[in-house]
Amino acid sequence: MQIIAVRREHVRRFGLLLLIVVLLVLYRFRFHWVKLTPKKMQSRNLGLQANKEYFQLEEEKFLILGGSMHYFRIPRAYWTDRMLKMKAMGLNTLTTYVPWNLHEPQRGTFNFKSDLDLEAYLKLANDLDLWVILRPGAYICSEWDLGGLPSWLLRDKNMKLRTTYPGFTDAVDAFFNVLIPKVLPFQYKRGGPIIAVQVENEYGGYAKDDKYMEYVKEALLSRGIVELLMTSDNKDGLSKGSIAGALPTFNFQKLESGLALMKDLDPAKPKMVMEYWSGWFDHWGSTHHIYREGILNTIEAVLSKGVSINLYMFHGGTNFGFMNGAQDFGSYIADVTSYDYDAPLSEAGDYTEKYVQIRKLYSKYLGEELPEMPPMMKKQRYAPIQSKEYISLWDALGQVEKPIRSERPINMENLPINNGSGQSYGYTLYTTVISSGGVLHAGQNVRDRAQVFLNDLSIGFLDYKNVELMVPDITGKQNLSLLVENRGRVNYGIKIDEQRKGLLGDIFLNKQPLKDFIIYPLEMKTNFIESFSAIKLNRVPEKPVLPAFFYGSLYLESLPYDSFIQLKGWEKGVVFVNGLNLGRYWDIGPQKTLYLPAPWIQHGNNEIVIFEESKAGKIIEFVDQPDLGQSVHV
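The rules behind each value
Residues numbered from 1 in each chain as written. Predicted model: local features only at pLDDT ≥ 70, side-chain atom pairs only at ≥ 80, totals over all residues. Heavy atoms only, no water. Helix = DSSP H or I, 4+ residues; strand = E, 2+ residues; numbered from the N terminus. Rg over C-alpha atoms; globule rule 2.2 N^0.38 Å. Buried < 20%, exposed > 50% of the residue type's maximum accessible area, 1.4 Å probe, protein only. Expected span 1.5 Å × (residues − 1). Bend = angle between axes of the 7 residues up to and from the residue. Contact = heavy atoms within 4.5 Å. Pairing = 2+ DSSP bridges. Salt bridge = Lys/Arg side-chain N within 4 Å of Asp/Glu carboxyl O. pLDDT = per-residue confidence, 0-100. Polar contact = N/O pair within 3.5 Å; in protein donor to acceptor, adjacent residues only side chain to side chain. 1 Å grid on protein atoms, 1.4 Å probe; cavity = no way out; pocket = protein on both sides within 12 Å on 5 of 7 lines; lining within 4 Å. Points joined across faces, edges and corners; volume = space filled by probe spheres on them. Nonpolar A, V, L, I, M, F, W, Y, C, P; charged D, E, K, R; others polar.

### Some thoughts on the overall build of the protein
Of regular secondary structure, the protein possesses 11 helices and 37 strands. Computed over the C-alpha atoms, the radius of gyration of the protein is 27 Å, within 12% of the 26 Å expected from 2.2 N^0.38 for a compact globule of 634 residues. Its C-alpha atoms put the protein at 125 × 55 × 40 Å along the principal axes. When burial is assessed residue by residue, the protein has 60% of its 634 residues classed as buried.

Written as structure tokens, this is what we have:
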């Protein structure tokens, strides 16, 4: 009996000790993400709740470990790879914007196909057990042209973007009438992955209309959004961007500013860093920004407080085509093609040291082994090729469908093309006839950069800083042309209403306005680039007439792999691969290579077209490593 009593006492003590250990473990990991995945959830009644100091998902504590990754910056064939790498780092939630300007490129014409198939993206996230926070805008910022707003909005001379101005809200309503029904089935309460939806984006930094956020909120609710609503702001606008009925979240990079922002939030509500800026973006003529110091300490400090966190970006991707944004806080600067962002997963989907370190941190914090890291995509250094044929811009003008005649210049957005939606991107050529030389004066009417030609000879450039140019003396009548490039619309700040491109007003020669223009919209869409195959091209001479389109052929004898195009000796222009716009290049840097994803090329022949403005190189090189330029720490 004594032995039995002793054993009972040992069992009792052991039980107490075990209970204490369990309680300590639970306390230590009290804010761990609950492993509730879309397939494992049974009840779908409550959704993500924010009525306590921590999130709850179906009454279970839930910590959001998120990462931003935009479907429109990644070839569709790579969506699965990038999501699996997201899960392997320990993330449980994907956040994505929705780019209105890509989905409605012309007013009333919608595109949700191929790389823009949002429904397929959401379904894939659901299949891979990732939750989703959807950020549908309508404005998204994102270092994206006009913050994701379609440029045809600016055809209205009275347009007031991001306000309750009827011309704007009518357009948003029409877009949401198409967009929101597509995402409703993917809401959590309907069995999908969407656990929260953001109301607009960083409105506190704009805040021109105190009725606007209520309008956007009701636009979402009235169309059937039933999940938790959120807002997102940085230090400049957290106090002005919030709205009743939506949980405020905040954005920052440095720990000190983040801690200060937390103090201003309701202590009885869960806190979330919607954008922890894990890197930064680049602009032409500057350096490549990297951000390493203090990242792990900041993430660990945030987690120790039970605060949910979303890495912006987890994987940046690429501003393919002409979709890069710009900034203007006193002077205009345009962003580069790459959106690598110094993110944990590189532009080409490669692991970085930052990825490995954050993965270790999350694994330690979660107290479990994370999924195995998927293999990296192979990169290939293809043999360089030469451009053997070309066509000058002047000879290519015959392929422009409808040149426009106008007494005065017309800005891009108001050109009478694209079913009344104007020109959104690319270049516009304005040609007139002059009979004397003198001083050409543009004021601030060139947006953003114009190369000026006398007949087909370049005589200089006009932009925001260079507003005057000498035109040589001439005899008789000669053509004066301005090739104006839209380098990207400002995506953040109060100047988004001022983003009309091309020539915004009169250009003066000797104080007299130039008149009687022929205007060529050079959008450089796929059908335009491919149209040259039906006409005779010229052999590239020693001194080609520029600007021009240069043609080369990359022949692959095996399956394609990712690569990077390097253009040594070329100056400034755009690269097209099999008719698709890979993006801009410019020798002022910082970016020195363009990412060429394998899904854009094929076994056999691949057509490489370079539109070069000023100086043609001899060869086109393909390398297996990116060169984003000289780095500077943020």
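### Focus on helix α5 (residues 166-183)
Along its 18 residues, α5 runs 25 Å from first to last C-alpha, staying within 8% of the 26 Å computed at 1.5 Å per residue. At F176, α5 is bent by approximately 35°, the largest bend along its length. Burial in α5 covers these residues: F168, T169, A171, V172, F175, F176, L179, I180 and V183. In the core, the buried residues of α5 are packed alongside α3 (100-103), α4 (118-127), β6 (131-135), β7 (194-198) and α6 (212-221).

### A closer look at the sheet that holds strand β3 (residues 60-62)
By definition, the strands of a sheet pair up through backbone hydrogen bonds, in either a parallel or an antiparallel sense. One open sheet holds the 3 strands; their spatial order is β1-β2-β3, and the pairing between them is antiparallel. In this open sheet, the two edge strands, each paired with only one partner strand, are β1 (48-49) and β3. Strand direction decides the pairing type here: strand β2 (residues 55-57) and β3, joined by 3 bridges, are antiparallel. Bridged to L57 within β3 is E60.

### A few points about the environment of K511
By the element assignment, K511 lies in the loop between β26 (508-509) and β27 (512-513). With 16 residues separating them along the chain, K511 and N527 place their C-alpha atoms 40 Å apart.

### Some points on the sheet that holds β27
With antiparallel pairing, the 4 strands of this open sheet are ordered in space as β23-β19-β26-β27. Each edge of the open sheet is held by one strand with a lone partner, namely β23 (468-471) and β27. Inspection of the sheet shows strand β19 (residues 438-441) paired to β23 by 4 bridges, in the antiparallel sense. Residue L440 lies in a different strand from β23, and its bridge partner there is L469.

### Considerations on the pattern of salt bridges
Throughout the structure, instances matching the rule amount to 26 salt bridges. K618 is the partner of E542 in a salt bridge, and the nearest nitrogen-oxygen pair spans 3.4 Å. In this pair, E542 sits in the loop between β29 (538-539) and β30 (548-556) while K618 sits in the loop between β35 (604-612) and β36 (619-623), placing the two residues 76 residues apart along the sequence. Summarising the burial analysis for this pair, E542 and K618 share the class exposed.

### Looking at α6
Most of α6 sits inside the fold, with 7 of its 10 residues counted as buried. Residues of α6 that are buried include every one of Y212, M213, Y215, V216, K217, A219 and L220, and no others. Those residues of α6 hidden inside the fold are in contact with α5, β7 and β8 (228-233).

### A closer look at the confidence of the model for the protein
On average, the protein scores 93 in pLDDT, and the residues at 70 or more come to 93%. Confidence, expressed as mean pLDDT per element, reaches its minimum in the protein at helix α1 (residues 2-28) with 36 and its maximum at β6 with 99.

### Re the side chain of Q56
Mapping Q56 onto the fold places it in strand β2. There is a polar contact of 3.5 Å between the side chain of Q56 and the backbone oxygen of E59. Those residues in contact with Q56 that lie beyond four places of it in its chain are G47, L48, Q49, N51 and F62.

### A look at unusual backbone geometry
Omega for the bond connecting R447 with D448 falls within 30 degrees of zero, at 15°, which places this linkage in the cis form. Considering the arrangement of structural elements, one finds D448 in the loop between β20 (446-447) and β21 (449-454). Although it is not a glycine, D516 sits at a positive phi angle of roughly 60°. Of note, D516 is situated in the loop between β27 and β28 (517-522).

### A closer look at the side chain of E613
Structurally, E613 can be placed in the loop between β35 and β36. Looking at E613, its side chain comes within polar contact range of the side chain of R449, at 3.2 Å. Apart from the residues within four sequence positions on either side, E613 is in contact with Y427, R449, Q451, E485, L546, P547, K572 and G573.

### Quick word on the layout of surface pockets
It is a probe the size of a water molecule, rolled over the atoms, that shows where empty space is left. Estimated volume of the largest pocket: approximately 980 Å³. Lining the largest pocket are 32 residues; nearest its centre among them are L102, N111, L116, G321 and M323. Elements with a contribution of two residues or more to the lining of the largest pocket: α3 and β33 (580-586). Taken together, the residues that form the lining of the largest pocket break down as 16 nonpolar, 11 polar and 5 charged.

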